[in-house]
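# Summary of structural features
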Amino acid sequence: MAMEVTQVLLNAQSIDGAVRKNAEDSLKQFQEQNLPVFLVSLSGELANEEKPVETRKLAGLVLKNALDAKEQHRKFELVQRWLSLDGNAKSQIKACLLTTLTSPVSDARSTASQVIAKVAGIELPHKQWPELIGSLLSNVHQLPAQAKQATLETLGYLCEEVSPDVIDQDQVNKILTAVVQGMSSSEGNTDVRLAATRALYNALGFAQANFSNDMERDYIMRVVCEATLSPEVRIRQAAFECLVSISSTYYEKLAPYIQDIFNITAKAVREDEEPVALQAIEFWSSICDEEIDILEEYGGDFTGDSDIPCFYFIKQALPALVPMLLETLLKQEEDQDQDEGAWNIAMAGGTCLGLVARTVGDDIVPLVVPFIEENISKPDWRQREAATYAFGSILEGPSPEKLIPLVNVALTFMLSALTKDPNSHVKDTTAWTLGRIFEFLHGSVVDSPIISQANCQQIITVLLQSMKDTPNVAEKACGALYFLAQGYEEMGPSSPLTPFFQEIVQSLLTVTHREDAGESRLRTAAYETLNEVVRCSTDETAPLVLQLVPVIMMELHNTLEGQKLSSDEREKQSELQGLLCGCLQVIIQKLGASEPTKYVFMQYADQIMGLFLRVFACRSATVHEEAMLAIGALAYATGADFAKYMPEFYRYLEMGLQNFEEYQVCAVTVGVVGDISRALEEKIVPYCDGIMTQLLKNLSSNQLHRSVKPPIFSCFGDIALAVGEYFEKYLMWAMSALQSAAELSTHIAGDDELVEYTNSLRNGILEAYSGIFQGFKNSPKTQLLIPYAPHILQFLDGIYMEKDMDDVVMKTAIGVLGDLADTLGSHAGSMIQQSVSSKDFLNECLSSEDLMIKESAEWAKLAISRAISV
Amino acid sequence: MAPHDNRRPFKRAAISDQQKRRELSLLRQAQNRRDAQQQARCLASSILSLQSAAPESQPEQSDIELETVPEAEQESEAFSKDLDVRQASKLRGPEVRKWFARQLMLPEWMIDVPDRLAQDWYVFARPAGKRCFVVSSNGTTVSRQRNGSILHHFPSALPAGAKIRDGSGSAQSYCILDCIFHELDQTYYVIDMVCWNGYSLYDCTAEFRFYWLNSKLEESGACNAPSHYHKFRFSAVPVYNCDQSGLHAAYTGVVPYAKDGLLFYNKHALYQTGNTPLALVWKDENCSQFVIDTDGKGEIPSQQQVVLELQDDRKLVTSDDPPVLFGCLDGDIIEKSGLHTGNLLRFAIGDGGLSFVDGKLEKADLIYLGKSNRARAFADSYSKVLFQFMVRHSPLKIDDLLASINSANDQEKTPSDIEMVG
């Protein structure tokens, strides 16, 4: 039943656009008319040794795309479509695919491997194609090298595609045996060994049981370590990748091997080619990640319990590890700071050194200081840069007591290097190091300040001067200023930056106008620093912040003037508008926070809103996220007066809510609906139909990113609280959405991420209930809520019994109990008394250490006692 | 299978400013949502308290059935005493005076040292000045003294305390602060917080109220220097745990105000209107200019003077609940001076002094002086009379307080003090 597709596929790769388009259309048509025949034909093409290699490859690719897609909902559709496909067709396709694995044409084999993995990814979880792994492995030893390589590659893709729980241990054992044997030094064929090593990388997640068995683990580790010594560089690299993966997946099993691994990695770092050396360094970075996590868990938990003990590998390796990493610092590339995508051994080594410092703290300092002293003033820029980088790297981790004496000595030197060093690379790193000094050792957390009145002036002068340097240096100088300002946050009514405020703002604005501000993200850094300077400003400089408003407005106005932009220009315009809207948002939030400045600021509100609306109008289908965020801040500052902007603004609000693709935009817009509800209160009623319809639609969509759903529920609460009994219109729909979400979120089964998500979902649901109850309070329609009360109490019982609520949910939940009692009064009294755990829950919250929980609980207690006593 | 790229961020802050803006927005929205929620809840409470306050003028009904949650009974009763500013503003004349006078928590005088002083009590230096209630609502702020008279009427930075063009300010929001107005620096020293931004703190422990006071007052801007919309500065007083060092700090520490004794607050006590033994005042010459009561001319009379209330059976009693009997007044004095039940009368304590049997007052040597000042709303309390009596005869000294904290420490160290239960 297969059809001839060769010519169409050839045409689909034609350089003639019209021919190509025609071919693509006919492929599409074919697929729509008869999917089974289409897919069988493609697999036939792929398997046919007489066909040209490019059509075979393309046939495989089209087949693969018929099985998988990036978007979750599309992927789901494709999976369903494959599962319901005619069984005969599926068998034919699979047979073709397996045959292709033995093809002499390497591209055909490789394509078939990937397609087989996709089919397995769909079928294995449904207990279909059970014979696959058996048939792949049945004669792996007798196969010619090419087929063996393809089989191992297929196993690798397969492990990447399916989750470990769908393959039983017996089959896992077989896969691992084949893979590890293929990796061993006895395997003479390089391609086979490489394929096996890469396959192991994906299969490691399946090897839990095998890593618990000493003999098997020893064997796997020996083979991996041997592979790091292979004469073939790609195998060495792949083997180190395996070690990196093992370091995070099986950290607690590494103790017996760590000494050997150190020797192997040290040799690779010093002598091997860069791709290999980078992976060897990454092994130690990854161990640092593990130990930092474990130690953080120790620190956060008074019992000192952790699932995994810390083996202090880094601490033990320290005397050898640190010198090795310091050596790498001297291997910089020229101009690496101008290249955004650069990643080399010096960068990896420095990054690892920073992680080591965070892992061991004070112990690293004496090991690094001699290196700094030795190299910091050398004529070779590499030595000066390396010394500076080493210093910057160890500023996070060790205690301030240990670091401050060093910093006090180094600060003057650094400031002088930033202005005088002839090498741009050194200046870049020096500015970065100053930023790290201010980030970690300046501010209210440190007892003895490193910045005094005496050197503050000098620091600012140097930083402002450096902002005129090359873009990469200027960007780092902005970063340093960012942290300098941050350290003065919450310093009280008077900030040491006040005398320089005007000059700093002026310099930053000048930077944003530099012709080369597009390089090294300099313009972004300048605006971000301006934002932080505004955030950390005090009342003293409020008049200056106010003066900034018309300046930024003018900048934003200027972006709106350009006509007929190319797509490249349009993107730049949009980015700049984002920065300016972000800046205005920060200013609005700052000035809106105190009454006198808000009052003065309000004179600009109409104009600013006008600009935001024009920013929206620049685009046809999407909404500008930063403008939306800024409007939220404006709505909060404006209050009920915001109503006058609604007729024009509403369409963009709706557009934002419909933006599923950029879910961040959707989430931000949902938040703004909340801001507007609180600002407008009942004046939001005319827009509620549209908003509620869209929100309910969003909830029922499987295309919308799940992280947007909890805020949508909270937003129900915001609206209900704003409009009161008018919410009746939506009550049934909202409650039914809440109810089904509540059922889903009562129990959590899954990893930490899912627990966190479920708690945020619970919180959203509970905030919705709170808003609805308080909104209906004292209205004649209160009784409409009575039928929902039993389910809500059941939900509260449910999550209380699960014992996995976080503090935020606990606070919201006990508040809901109070709101329910408060609004329903005597109707609620008996229900609450009968509920399984309300009383225990209340008592637990009343004795909570968390004041927010306690406060909510006091309220609930009051409301319940009244409900019961009526 | 391509090699895996493990590059990490280089010379980059872990978080972008845009992400920071998003997070700060979310934080602000969460805070605003909380405030809106809170306001809705408080609006509800004040309306409810109005309903339950109505039958209060009739004899108290105590037959509410509350079998299931007995501890809730006290709660709801305490709550029914909750004051509603809008309701109170309708009261006139003496009604106002009585009503306001009833709303303040009045400390008893310390006549012996309470147990567990170091564990359960706070101490702070009481500012000398006019004790008053400061109420902000509807865009204005009013301070009323204990006798209900208005001290100031002014705009303030307290929530709802000034008329500022601000759409978001709700008419329902209000604050009630327990303050002492200190003339010298024209500052309201806040010694307790009763309601904040519409949220009632009556039913909260002192521990919570002080925490709330310290975090909210500063935040509101009420501690800022006076300005057009903020006529008087407010300030919190430093409150210490009443351990050795805390007591020492309160007693000797330098404060910006003139001290008038020390106040002791039990950490677990709710804000209870009227006299309470869970708040105590104590003073000596080092921490107060007014240890011994003065007369109308500001001079210390040679004999201790007391104000007592005349009851219908000629009995002379204190303002305590229940009242403590000090003696009976001769019928002919009542006739001659035209006295009525409920009059507040001034007496001197004669050389006979006060006599006690088993720690209870048995006899007082009272000499009638005349009616008390009209501004007085209450008779003296028992503890005040006794404290004044002790000051003149055998005062409770700061060393006694310190010694009691020390001995409590010692006791805790003594293993033999463990209570046996087996």
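In this report, the structure presented in the accompanying data block is examined. Just so it is clear, the structure is predicted and the values come from calculations on it, not from any experiment.

Here is what the cut-offs are and how they apply
Residues numbered from 1 in each chain as written. Chains lettered and ligands numbered in written order. Predicted model: local features only at pLDDT ≥ 70, side-chain atom pairs only at ≥ 80, totals over all residues. Heavy atoms only, no water. Helix = DSSP H or I, 4+ residues; strand = E, 2+ residues; numbered from the N terminus. Buried < 20%, exposed > 50% of the residue type's maximum accessible area, 1.4 Å probe, protein only. Areas by Shrake-Rupley, 256 points an atom, 1.4 Å probe, with all protein chains shown as cover. Contact = heavy atoms within 4.5 Å. Axes fitted to C-alpha atoms, helices over the stretch in contact; angles between N-to-C directions. Parallel < 35°, antiparallel > 145°, perpendicular 65-115°, else oblique. Nonpolar A, V, L, I, M, F, W, Y, C, P; charged D, E, K, R; others polar. Core = buried A, V, L, I, M, F, W, Y, C linked by side-chain atoms within 4.5 Å. Domains from an automatic or database assignment. Buried area = accessible area lost by both parts, 1.4 Å probe. Salt bridge = Lys/Arg side-chain N within 4 Å of Asp/Glu carboxyl O. Polar contact = N/O pair within 3.5 Å; in protein donor to acceptor, adjacent residues only side chain to side chain. Pairing = 2+ DSSP bridges. Phe/Tyr/Trp six-rings, centres within 6.5 Å; stacked < 30°, edge-to-face > 60°. Lys NZ or Arg CZ within 6 Å of the ring centre and 35° of its normal. Expected span 1.5 Å × (residues − 1). 1 Å grid on protein atoms, 1.4 Å probe; cavity = no way out; pocket = protein on both sides within 12 Å on 5 of 7 lines; lining within 4 Å. Points joined across faces, edges and corners; volume = space filled by probe spheres on them. Left-handed = near helix turned anticlockwise from the far one by under 90°.

Next up on the list: the overall build of chain A. Summing up its helical and strand segments, chain A has 42 helices and zero strands in all. The 870 residues of chain A split such that 58% are buried. Here chain A has roughly 35900 Å² of accessible surface; of this, 52% comes from carbon and sulfur atoms.

A word on the overall build of chain B. Scanning chain B from N- to C-terminus turns up ten helices and 17 strands. A buried classification covers 47% of the 422 residues belonging to chain B. Taking the intrachain contacts of chain B between residues at least 6 apart in sequence as the baseline, contacts between residues at least 24 apart amount to 66%. When the accessible area of chain B is evaluated, it comes to approximately 21400 Å², of which 50% is carbon and sulfur surface.

The subject of this paragraph is the packing of helix H5 (residues 72-83) of chain A against helix H7 (residues 106-123) of chain A. Packed helices, taken two at a time, are described by the angle between their axes plus the distance between the axes. Residue and element names in this part refer to chain A. At a minimum axis distance of 10 Å, the contact between H5 and H7 shows a crossing angle of 85°. By the angle class used here, H5 and H7 are roughly perpendicular. Contacts from Val79, Trp82 and Leu83 of H5 reach H7 at Val119, Ile122 and Glu123. Residue composition of the contact of H5 with H7, by class: five nonpolar, no polar and one charged.

The next point concerns the nonpolar core. All names here are of chain A. Counting residues in hydrophobic clusters, the biggest one holds 311 residues, and the most contacted among them are Trp284, Phe649, Phe727 and Tyr769. Counting residues per element, this core draws most heavily on helix H16 (residues 274-300), which supplies eleven residues. Looking at this core, you find at least three residues from each of domain 1 (1-128) and domain 2 (725-869). Sequence-distant contacts of Tyr769, defined by excluding residues within four places in its chain, comprise Met735, Leu738, Gln739, Ala742, His791, Ile792, Phe795 and Val816.

Facing the 88 residues of chain A at the interface are 47 residues of chain B. Note on chain A versus chain B: buried area summed over both sides is about 6100 Å², and carbon and sulfur give 53% of it. Summed over the shared surface of chain A and chain B, the number is seven salt bridges. There are eleven residue pairs in polar contact (both at pLDDT 80 or more) connecting chain A and chain B. With twelve residues, helix H42 (residues 851-869) of chain A is the largest single contributor of residues to the side of chain A that touches chain B.

Turning our attention to the environment of A:Leu194. All names here are of chain A. Mapped onto the elements, Leu194 comes out in helix H11 (residues 190-203). Considering only alpha carbons, one finds Leu194 and Arg234, 40 residues apart in sequence, at a separation of 7.1 Å. Excluding anything up to four places from it in sequence, Leu194 contacts Arg234, Ile235 and Ala238.

We now examine the sheet that holds strand S13 (residues 305-310) of chain B. Residue and element names in this part refer to chain B. Across the sheet, five strands lie side by side as S15-S14-S13-S16-S17; this open sheet has antiparallel pairing. What marks the edges here is a single partner per strand, and that holds for strand S15 (325-328) and strand S17 (360-371). Shown here is a sheet whose adjacent strand axes are inclined to one another by a mean of 45°, direction ignored. Bridging between strand S14 (residues 315-317) and S15 involves three bridges; their strand directions are antiparallel. In the sheet register, Val317 faces S15, and the bridge partner there is Leu325. Where helix H9 (residues 382-393) meets the sheet, it contacts S13, S15, strand S16 (344-357) and S17, and its direction lies at approximately 65° from that of S16.

A complete count under the given rule lists 38 aromatic pairs over all chains for this structure. Plain terms: the ring middles of A:Phe616 and A:Tyr652 are 4.9 Å apart, the flat faces sit at 25° to each other, and that makes the pair stacked. Of this pair, A:Phe616 sits in helix H30 (residues 605-617) while A:Tyr652 is found in helix H32 (residues 646-657), placing the two residues 36 residues apart along the sequence. A:Tyr652 matches A:Phe616 in its accessibility class, with the two residues each being buried. Arranged with centres 4.6 Å apart and planes meeting at 50°, the rings of B:Phe181 and B:Tyr188 form a pair that is tilted. Side by side, B:Phe181 and B:Tyr188 carry an identical accessibility label, which is buried. An aromatic cluster is defined as three or more aromatic residues linked by ring pairs; in this entry it consists of A:Phe616, A:Phe642, A:Tyr645, A:Phe649 and A:Tyr652. It is A:Arg706 that lies over the ring of A:Tyr757; its NZ or CZ is 4.3 Å from the centre. Of note, B:Lys267 hangs over the ring of B:Tyr122, and the distance from its end group to the ring centre comes to 5.2 Å.

The next thing to look at is H7(A). Here H7(A) is 18 residues long and its end C-alpha atoms lie 26 Å apart, about the 26 Å a rise of 1.5 Å per residue gives. Judged by how many residues are buried, H7(A) sits mostly within the fold: 13 of 18 residues are covered.

Here we come to empty space enclosed by the protein. Residue and element names in this part refer to chain A. Taken as a whole and judged by the stated rule, the model has seven cavities of 30 Å³ or more. Roughly 80 Å³ of internal volume is contained in the second largest cavity. If you go around the second largest cavity, the residues you meet are Ala485, Ser495, Leu497, Thr498, Phe501, Val533, Cys536, Ser537, Thr538 and Thr541. Taken together, the residues of the lining of the second largest cavity sort by class into five nonpolar, five polar and no charged.

All names here are of chain A. When you line up the elements, Cys288 lands in helix H16. Looking at Cys288, the relative accessible area reads 0%, which means it is buried. Residues Cys288 and Val356, 68 residues apart in the sequence, show an inter-C-alpha distance of 6.1 Å.

A separate point is the packing of helix H21 (residues 400-420) of chain A against helix H22 (residues 424-441) of chain A. All names here are of chain A. With their axes 10 Å apart at the nearest point, H21 and H22 run at an angle of 145° to one another. For the element pair H21 and H22, the recorded crossing hand is left-handed. Residue-level inspection shows Pro400, Leu403, Ile404, Val407, Leu411, Met414, Leu415, Ala417 and Leu418 of H21 in contact with H22, the latter providing Lys427, Thr430, Ala431, Thr433, Leu434, Ile437 and Leu441. Partitioned by chemical class, the residues of the contact of H21 with H22 number 13 nonpolar, two polar and one charged.

Here we take up the side chain of A:Glu626. Assignment of secondary structure puts A:Glu626 in helix H31 (residues 625-638). Accessibility expressed as a relative area gives 4% for A:Glu626, which makes it buried. In contact with A:Glu626, other than residues within four places in its own chain, are A:Gly578, A:Cys581, A:Gly582, A:Gln585, B:Gln18 and B:Arg21.

Our next topic: the environment of A:Asp339. Residue and element names in this part refer to chain A. Structurally, Asp339 is set in the loop between helix H17 (313-329) and helix H18 (345-360). A residue is classified by how much of its surface remains accessible, and Asp339, at 44% relative accessible area, is partly exposed. Each C-alpha atom of the pair Asp339 and Glu519 lies 9.9 Å from the other, and the pair is 180 residues apart in sequence.

All right, on to the sheet that holds strand S12 (residues 274-282) of chain B then. Residue and element names in this part refer to chain B. What the five strands build is an open sheet, ordered S1-S12-S11-S2-S10; its pairing is mixed. Of all the strands in the sheet, the pair left with one neighbour each is strand S1 (105-109) and strand S10 (240-241). As paired strands, strand S2 (residues 121-127) and strand S11 (residues 259-266) are joined by six bridges and run antiparallel to one another. Bridge pairing in S11 links Trp121 to Asn266. With respect to the sheet, helix H6 (residues 206-220) is in contact with S1, S2 and S11, its orientation differing from that of S2 by roughly 50°. Its contacts with the sheet place helix H7 (residues 244-252) against S2, S10, S11 and S12, and it is angled at close to 150° to S11.

Take the pattern of salt bridges next. Under the counting rule described, the total for this entry stands at 57 salt bridges over all chains. For A:Arg270, the salt bridge is made with A:Glu327, and the minimal N-O distance between the two is 3.1 Å. Here A:Arg270, found in helix H15 (residues 258-271), pairs with A:Glu327, found in helix H17; they are 57 residues apart in sequence, far enough to count as distant. Given a relative accessible area of 39%, A:Arg270 falls into the partly exposed group. Residue A:Lys781 is joined to A:Glu725 by a salt bridge in which the shortest nitrogen-to-oxygen separation is 3.9 Å. Of this pair, A:Lys781 sits in the loop between helix H37 (752-776) and helix H38 (789-802) while A:Glu725 sits in the loop between helix H35 (709-723) and helix H36 (728-746), placing them 56 residues apart in sequence. The network of salt bridges with common partners includes A:Asp428, A:Glu475, A:Lys476, A:Arg521, A:Glu528 and B:Lys11.

By themselves these figures say nothing about function.
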